[in-house]
Amino acid sequence: QLDDLAKQKSLPLELNLIGQHVDEAELNLDSYLDKCRLKGFKRVRIIHGWGSGALRNLVRDYLDDHKDFVDHYEAAGEYEGGGGATVVYLK
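Cut-offs and rules
- The residue numbers shown here count from 1 along each chain, following its written sequence.
- Where local features are concerned, this predicted model is filtered to residues with pLDDT of at least 70; where side-chain atom pairs are given and counted, the filter is 80 or more; whole-chain, interface and lining totals use all residues.
- Each side-chain value is worked out from all heavy atoms of the structure, with water and hydrogens disregarded.
- Each pair of aromatic rings taken from Phe, Tyr and Trp, with Trp reduced to its six-membered ring, is defined by centres within 6.5 Å and is described as stacked if the planes are under 30 degrees apart, edge-to-face if over 60, and tilted in the remaining cases.
- Any Lys NZ or Arg CZ that is within 6 Å of a ring centre and within 35 degrees of that ring's normal is treated as a charge sitting over the ring.
- The buried label applies to any residue whose accessible area, calculated with a 1.4 Å probe on protein chains only, is under 20% of its type's maximum; exposed applies above 50%, and partly exposed to all values in between.
- Put simply, DSSP marks the helices as runs of H or I at least four residues long and the strands as runs of E at least two long, and each gets a number from the N terminus on.
- This arc is taken over the directions from the axis of the helix to the C-beta atoms.
- Contacts between residues were defined by any pair of non-hydrogen atoms, one from each residue, lying within 4.5 Å.
- For every element, the axis is a line fit to its C-alpha atoms; helices are fit only across the contacting stretch, and the angle between N-to-C directions ranges from 0 to 180 degrees.
- Working definition: roughly parallel below 35 degrees, roughly antiparallel above 145 degrees, roughly perpendicular at 65 to 115 degrees, and oblique for all remaining angles.
- For a crossing to be left-handed, the near helix must be turned anticlockwise from the far one by less than a right angle; the clockwise case is right-handed.
- Strands were regarded as paired on the criterion that DSSP finds at least two bridges between them.
- As a per-residue measure, pLDDT reflects the predictor's confidence and takes values from 0 up to 100.
- Nonpolar cores are built from buried Ala, Val, Leu, Ile, Met, Phe, Trp, Tyr and Cys residues. Side-chain atoms within 4.5 Å join them into one set.

(A) Fine view of the packing of aromatic side chains. Evaluation of the coordinates by the stated rule reveals zero aromatic pairs. Here the basic side chain of Arg37 rests over the ring of Phe69, its NZ or CZ set 4.0 Å away from the ring centre.

Following this line, the structure appears as structure tokens:
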């Protein structure tokens, strides 16, 4: 019964990686996108902030390496975080 409740828990349409170390962020990104694929999401937003650019580079390198399920991605629009976020379109 607990498993049923866990499955019903909603999955947000965005993931915030700000403040995470790159290795931690990569694990969270991988897990999040896997769940999004299972739910059939087509568009999600990854918030990585501006900072040093390490998280943004991690996100974009990861997406480039996973073209099997990533259709394309782009910098978020002006009202969605701009360069501090990446919008991902899933196949």
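(B) Focus on helix H3 (residues 54-64). The complete set of buried residues in H3 reads Leu55, Leu58, Val59, Tyr62 and Leu63. Across the axial projection of H3, the buried residues extend over an arc of 125°, all falling on one side. Elements that come into contact with the buried residues of H3 comprise helix H2 (22-39), strand E2 (43-47), strand E3 (70-75) and strand E4 (85-90).

(C) Layout of the packing of H2 against H3. Their axes nearest at 10 Å, the elements H2 and H3 cross at an angle of 40°. With respect to H3, the element H2 is oriented oblique. Seen along the crossing, H2 lies across H3 with a hand that is right-handed. In this structure, H2 contributes Val22, Ala25, Glu26, Leu29, Asp30 and Leu33 to the contact, and H3 contributes Ala54, Leu55, Leu58, Val59, Tyr62 and Leu63.

(D) Focus on the pairing of E4. Taking burial as the measure, the six residues of E4 include six buried ones, the bulk of the element. Going residue by residue along E4, you find Ala85, Val87 and Tyr89 tucked away on one face and Thr86, Val88 and Leu90 tucked away on the opposite face as well. One ladder, built from five bridges, connects E2 with E4; its direction is antiparallel. The residue bridging Ile47 from the neighbouring strand is Ala85, located in E4. Of the strand pairs in this sheet, E3 and E4 are connected by five bridges, and their pairing is antiparallel. Across the sheet, residue Glu74 finds its bridge partner in E4, namely Val87.

(E) Inspection of the confidence of the model for the chain at higher detail. For the chain, mean pLDDT is 91; residues scoring 70 or higher make up 90% of the total. Contacts for the low-pLDDT stretch residues 1-5, under 50 throughout, to residues beyond four places or in other chains number zero contacts.

(F) The nonpolar core, seen in detail. Formed by 20 residues in total, the largest nonpolar core has its most connected members in Tyr32, Leu33 and Ile46. Looking at this core, the elements that each hand over two or more residues are H2, E2, H3 and E4. Residues within four places of Tyr32 in sequence aside, it is in contact with Leu11, Pro12, Leu13, Glu14, Leu15, Val44 and Ile46. One finds Ile47, Ala85, Val87 and Tyr89 within the second-largest nonpolar core, a separate group that totals five residues.

(G) Inspection of the sheet that holds E2 at higher detail. Strand order in the open sheet made by the four strands is E1-E2-E4-E3, with mixed pairing throughout. Taken across any chain shown, the strands that pair with only one partner, and hence form the sheet edges, are strand E1 (14-16) and E3. In this sheet, adjacent strand axes meet at a mean angle of 20° when their direction is disregarded. As paired strands, E1 and E2 are joined by three bridges and run parallel to one another. Across the sheet, Leu15 pairs through a bridge with Ile46, a residue of E2. Along the sheet face, H2 touches E1, E2 and E4 and points at about 165° away from the line of E2.

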